[in-house]
Amino acid sequence: MKYNIKSLFLLLAIGLFISCKETTTQSVTTESQRGLVTSKAMVVSARSEASKIGSDILAKGGNAFDAMMATEMALAVSYPYAGNLGGGGFMVYRLANGDIGSLDYREKAPKAATRDMYLDKDGKVIENKSTVGSFAVGIPGTVAGVFEAHEKFGKLPVKEILQPVIDLANKGFVVTKMQQERFEEYDSIFKVVNEKEILFSNRIKAGDTLKNIKLGETLARIAEHGRDEFYKGKTSEILVNYLQAKGGIITTEDLAAYESKWRDPITFHYKDLRIISMGPPSSGGICMAQIMKMIEPFDLKSYGHNSIKTVQVIAEAERRAYADRSYFLGDPDFVEIPTKTLLSDLYLQQRMSDFSFEKATPSDSISYGEILGYESEETTHYSIVDQFGNAVAVTTTLNSGYGSKLYVDELGFFLNNEMDDFSSKPGVPNVYGLVGGEANSIAPEKRMLSAMTPTIVEKDGLLYMVVGTPGGSTIITSVLQTILNVEEFGMTMQEAVNAPRFHHQWLPDEIRLEPKGFSSQFKHQLEQLGYPINESRTPVIGKVDAILVLDNGTLEGGADKRGDDTAIGF
């Protein structure tokens, strides 16, 4: 085709206009960056040791569920900040034949728990009682969860799976710079809560090899005697005696009665993707479905990645989804949840009907003024795809960093403080400044609400992504943005994980931005539209560990640069 001079000038002018029209898009990378690519199988987790042990189990002929047990237990050894035996979690799976499901191994309240157990005689919340020490501990579910998954789908013997983890505990792992900083930060509270110095202290430096012999012994007993060792055996006895000596209320009956639970995952479509995520007592699947359905009518791709208009649309949808979360969501065994209505197109169209690009929608104008219990940011996630085509997404936690700070030295692990994820008193802010709702009030044997969002994505009926993250209330929005970064903005998996993130959770009424991820001009424009900016409340928004199936069938890992996260496979 030939052009005259006038036509060329016209085309140049149009090109300049288009290139200048959206000046607020945030640049992520100047050249394509890929994470680790493997041909058959991959594990992505918070620690290289855990990813390697999981990958080695796959290389021995194990499947994703064998690798789940190995990876989870290896994280308990090498990542005590959130990896655990004393916590709980959620798992979403997709088998090679397309079958899907999810497993809830969230902690539960002890039978002696009461609605007002964290209130004083005047009905006021007692500071720190739900966050630190024995009263903060929920009945752990992690061991039950990994054994339940293995019993249903595993291939290799438990002893073979756990032996490398036992060896890791006995031989030790190399402490990273980030771990040293955490040990230093938490050293004083460890000593106060445990009334002595524990294995993890400010004496430990980056590069040191840290052995946990007692945890190795606990894992060896579990490998020998199975799940019941933790809930009915010697480990159970030691754990209950320890807690009761500290004034706790968990009993041998509580542990013996604990069961993980298979649940139907939340499934929904976003354009040509099918999203499979965790349902209640996790709020992740429902909230993410609401957000994605509310933003689907908008042309995010044309707005640009992290542009003003893209951030507005997503933040406003997040604001409305988190408002619904506050009122409707809790343990489905205790609360009736109107899932069908919450995810209906008509309802969600109505929720976004008052949105305008002209200005922010004030949170106090959106229904429901009560926020539910809050998931702390010290969680961990891992993603696995095996050589057979099975995939699992698992998010697990102690709640706060090192949970309740109680370290059972005879067993070698920390205990959770998940009881703080309940509403200590409906209508009153918890330790994180968030207000509790009635649906998440405390009751015996009830599971506390969570934000964990382990997620699997299909495209054209085939496995496409496995994704999840820690990050407290920011978990949902971090998973959401990672999926959108690939699907809408054409990023590689590693680019999608690396990209700066933002978050809105209705209350407090602000957009949280990762520091240094957004320009001054961009922040000023948002503020002019009525969006308060906060870059200090959540300096790290999520640590996503994800796997993308590429067009040729190979796997790309996205291991978050915000932590020590590592992808390993073959």
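Calculation rules
- Residues numbered from 1 in each chain as written.
- Predicted model: local features only at pLDDT ≥ 70, side-chain atom pairs only at ≥ 80, totals over all residues.
- Heavy atoms only, no water.
- Helix = DSSP H or I, 4+ residues; strand = E, 2+ residues; numbered from the N terminus.
- Buried < 20%, exposed > 50% of the residue type's maximum accessible area, 1.4 Å probe, protein only.
- Contact = heavy atoms within 4.5 Å.
- Pairing = 2+ DSSP bridges.
- Axes fitted to C-alpha atoms, helices over the stretch in contact; angles between N-to-C directions.
- Left-handed = near helix turned anticlockwise from the far one by under 90°.
- Nonpolar A, V, L, I, M, F, W, Y, C, P; charged D, E, K, R; others polar.
- Phe/Tyr/Trp six-rings, centres within 6.5 Å; stacked < 30°, edge-to-face > 60°.
- Polar contact = N/O pair within 3.5 Å; in protein donor to acceptor, adjacent residues only side chain to side chain.
- Core = buried A, V, L, I, M, F, W, Y, C linked by side-chain atoms within 4.5 Å.

Colleague: Explain the environment of Ile-204 to me, using residue names and the numbers behind them.
Modeller: Here Ile-204 is to be found in the loop between helix 6 (177-194) and strand 6 (209-210). The buried category is assigned to Ile-204, whose relative accessible area is 9%. Separated by 21 residues in sequence, Ile-204 and Phe-183 have C-alpha atoms that sit 7.4 Å apart. In this structure, Ile-204 is in contact with Val-175, Gln-180, Phe-183, Leu-199 and Leu-210, ignoring residues within four places of it in sequence.

Colleague: Mind laying out the sheet that holds strand 18 (residues 533-534), listing which residues take part and the relevant values?
Modeller: The strands making up a sheet associate through hydrogen bonds between their backbones, and the pairing can be parallel or antiparallel. Here three strands make up an open sheet; going across it, the order is 16-17-18 and the pairing mixed. This sheet does not close on itself; its edge strands, each paired only once, are strand 16 (502-503) and strand 18.

Colleague: Give a description of the packing of helix 11 (residues 284-295) against helix 13 (residues 308-328) that names residues and reports values.
Modeller: Direction vectors running N to C along helix 11 and helix 13 enclose 140 degrees, while the axes themselves pass 9 Å from each other. In this structure, helix 11 crosses over helix 13, and the sense of that crossing is right-handed. Every residue of helix 13 that contacts helix 11 at Cys-287, Gln-290, Ile-291, Met-294 and Ile-295 is listed here: Val-313, Ile-314, Ala-317, Glu-318, Arg-320, Ala-321, Asp-324 and Arg-325. Of the residues assigned to the contact of helix 11 with helix 13, the class counts are eight nonpolar, one polar and four charged.

Colleague: Give a detailed account of the packing of aromatic side chains, specifying residues and quantitative values.
Modeller: Given two aromatic rings, their pairing is described by the distance between the two centres and the angle made by the two planes. Under the definition given, this model contains 27 aromatic pairs. Consider the rings of Phe-65 and Phe-153, whose centres lie 4.5 Å apart with planes at 25 degrees: the pair is stacked. Of this pair, Phe-65 sits in helix 3 (residues 64-78) while Phe-153 is found in helix 4 (residues 142-153), placing the two residues 88 residues apart along the sequence. Judged by relative accessible area, which is 18%, Phe-153 ranks as buried. Both rings, one in Phe-298 and one in Phe-355, keep their centres 5.7 Å apart while their planes meet at 85 degrees; by these two values the pair is edge-to-face.

Colleague: Tell me what's going on with the packing of helix 13 against helix 16 (residues 475-487), and back it up with residues and numbers.
Modeller: Packing of helix 13 against helix 16 brings their axes to within 12 Å, and their N-to-C directions diverge by 145 degrees. At the point where helix 13 passes helix 16, the crossing takes the right-handed sense. Within the contact between the two elements, helix 13 uses Ile-314, Glu-318 and Tyr-322 and helix 16 uses Ile-476, Thr-477, Leu-480, Gln-481 and Leu-484. Residues belonging to the contact of helix 13 with helix 16 are distributed by class as follows: five nonpolar, two polar and one charged.

Colleague: Provide a residue-level description of the side chain of Ser-326, including the pertinent values.
Modeller: Within the fold, Ser-326 resides in helix 13. There is a polar contact of 2.5 Å between the side chain of Ser-326 and the backbone oxygen of Ala-323.

Colleague: How would you sum up the sheet that holds strand 2 (residues 42-45)? Please name residues and give values.
Modeller: If you trace the seven strands from one edge of the open sheet to the other, you get 7-4-3-11-10-2-21, paired in antiparallel fashion. Of all strands in the sheet, those bounded by a partner on one side alone are strand 7 (261-263) and strand 21 (566-569). The mean inter-strand angle of the sheet, taken between neighbouring strand axes irrespective of direction, is 15 degrees. As defined by bridge partners, strand 10 (residues 379-385) adjoins strand 11 (residues 391-397) across seven bridges and the pair is classed as antiparallel. Its bridge partner being in strand 11, His-381 is matched across the sheet by Thr-395. The strands that helix 3 touches are strand 2, strand 3 (88-94), strand 4 (100-105), strand 10 and strand 11; relative to strand 10, the one it contacts most, it runs at about 150 degrees.

Colleague: Can you tell me about the nonpolar core, naming the residues and giving the values?
Modeller: It is characteristic of soluble globular proteins that their nonpolar side chains tend to be buried jointly. Met-288, Met-292, Ile-295, Leu-300 and Ile-483 are the most contacted members of the largest nonpolar core, which totals 88 residues. Among the elements that make up this core, the one with the highest residue count is helix 13 (10 residues). In contact with Leu-300, not counting residues within four places along its chain, are Tyr-270, Ile-295, Thr-310, Val-313, Ile-314, Leu-484, Glu-488 and Phe-489. Residues Ala-74, Phe-173, Ile-222 and Val-240 belong to the second largest nonpolar core, which totals 80 residues.

Colleague: Tell me about the pairing of strand 14 (residues 455-459), and name the residues and values.
Modeller: A large share of strand 14 lies buried, amounting to four of its five residues. Both strand 14 and strand 15 (residues 462-468) contribute to a ladder of five bridges, which runs antiparallel. Looking at the pairing, Glu-458 lines up with Leu-463 of strand 15. Following strand 14, the chain reverses through two residues before pairing antiparallel with strand 15; Asp-460 in that reversal takes a positive phi of roughly 55 degrees.

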